[in-house]
Amino acid sequence: MDASQALAELTELSSQVKRAVVLDASGAILGATDADAAAAEELAQAALDLVGAAGDVHASPDEVARVEVELAAGGLFVLREGGLTIAATTGPRPTSGLVAYDLRTCLRAIDPPARKGRRGARARTGEGEE
Amino acid sequence: MRRLFRLALVVALAVWAWRSLLRERGPRERASVAYADGSSLVLEPGSAGFERLAAPARRVLVP
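Small disclaimer: the values here were computed from a predicted structure and weren't measured. (Residues numbered from 1 in each chain as written. Chains lettered and ligands numbered in written order. Predicted model: local features only at pLDDT ≥ 70, side-chain atom pairs only at ≥ 80, totals over all residues.)

Novice: What is the right way to read the overall build of chain A from this model?
Specialist: On a plain count of helices and strands, chain A comes out with 3 helices and 5 strands. Along the chain direction, N to C, the helices and strands of chain A fall in the order α-β-β-α-β-β-β-α. Here chain A holds 130 residues, and 45% of them are scored as buried. (Helix = DSSP H or I, 4+ residues; strand = E, 2+ residues; numbered from the N terminus. Buried ≥ 20, exposed ≤ 12 C-beta atoms within 10 Å, placed from the backbone.)

Novice: Honestly, the interface of chain B and chain A in this entry has me stumped. Any pointers?
Specialist: Buried accessible area, meaning the area lost when the parts come together, often serves as the stated size of an interface. Each partner contributes residues to the interface: chain B has 23 residues there, and chain A has 26 residues. Taken together, the residues of the side of chain B that touches chain A break down into 14 nonpolar, 2 polar and 7 charged. (Contact = placed C-beta atoms within 7 Å. Nonpolar A, V, L, I, M, F, W, Y, C, P; charged D, E, K, R; others polar.)

Novice: Explain the nonpolar core to me, please; I cannot follow it from the model alone.
Specialist: The biggest cluster of nonpolar side chains holds 49 residues, and the ones touching the most others in it are Val21(A), Ala47(A), Leu50(A), Leu76(A), Ile86(A), Ala87(A) and Leu53(B). Among the elements that line this core, the one with the most residues is helix α2 (residues 37–57) of chain A, at 11 residues. Not counting residues within four places of it along the chain, the set of residues in contact with Val21(A) comprises Ile29(A), Ala32(A), Ala40(A), Leu43(A), Ala44(A), Ala47(A) and Ala87(A). (Core = buried A, V, L, I, M, F, W, Y, C linked by C-beta atoms within 7 Å.)

Novice: Even after reading the chapter, I still don't get helix α1 (residues 3–13) of chain A, so can you show me in this structure?
Specialist: Think of an α-helix as 3.6 residues a turn; residues three or four steps apart then line up on the same face. All names here are of chain A. Considered for burial, the residues of α1 that qualify are Ala-3, Ala-6, Leu-7 and Leu-10. Within α1, the buried residues cover an arc of 100° as seen down the axis, which keeps them to one side. The inward-facing, buried residues of α1 contact β1 (17–23), β2 (29–32) and α3 (96–109). (Arc of directions from axis to C-beta.)

Below, the structure written as structure tokens:
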């Protein structure tokens, strides 16, 4: 299935995920739950910034596999696998393991041919992933 | 019988008070990162990298 279908399935199955976006290796948006393109871009940019910051804390951004930030207002999860990145927001006090499992399942459901950007490429921090 | 009832009441109140004291107060805030090499780290508010990770999240979480 393509990214939009996988995201639709994700929001249907997960009661915790509010918004989500899938990016390809170049940072281009493959699909988003937001109908508003600006809101999807904002979430995508936050995900890329988060991965960049997480890479700075440890090594390089390309080695970051998962980032979770829990705040009083909710949670932001970013998961990277197979050249794809998925970012999702949740409400306060999310069940981290369950959200990560749902996001990973969503990424794995996306067919390889669908892993090409549709909404224009975006400069991404830390090029060079597989 | 009355003594037994009082004892049960005292025990129930003690359990309730203990659980109230142990209950997590306030919202939990933290950031965790897992890396491809299997390593991971957890950052709590006040730690060096927490604000760097929290800033992008606040942009999309806080209206």
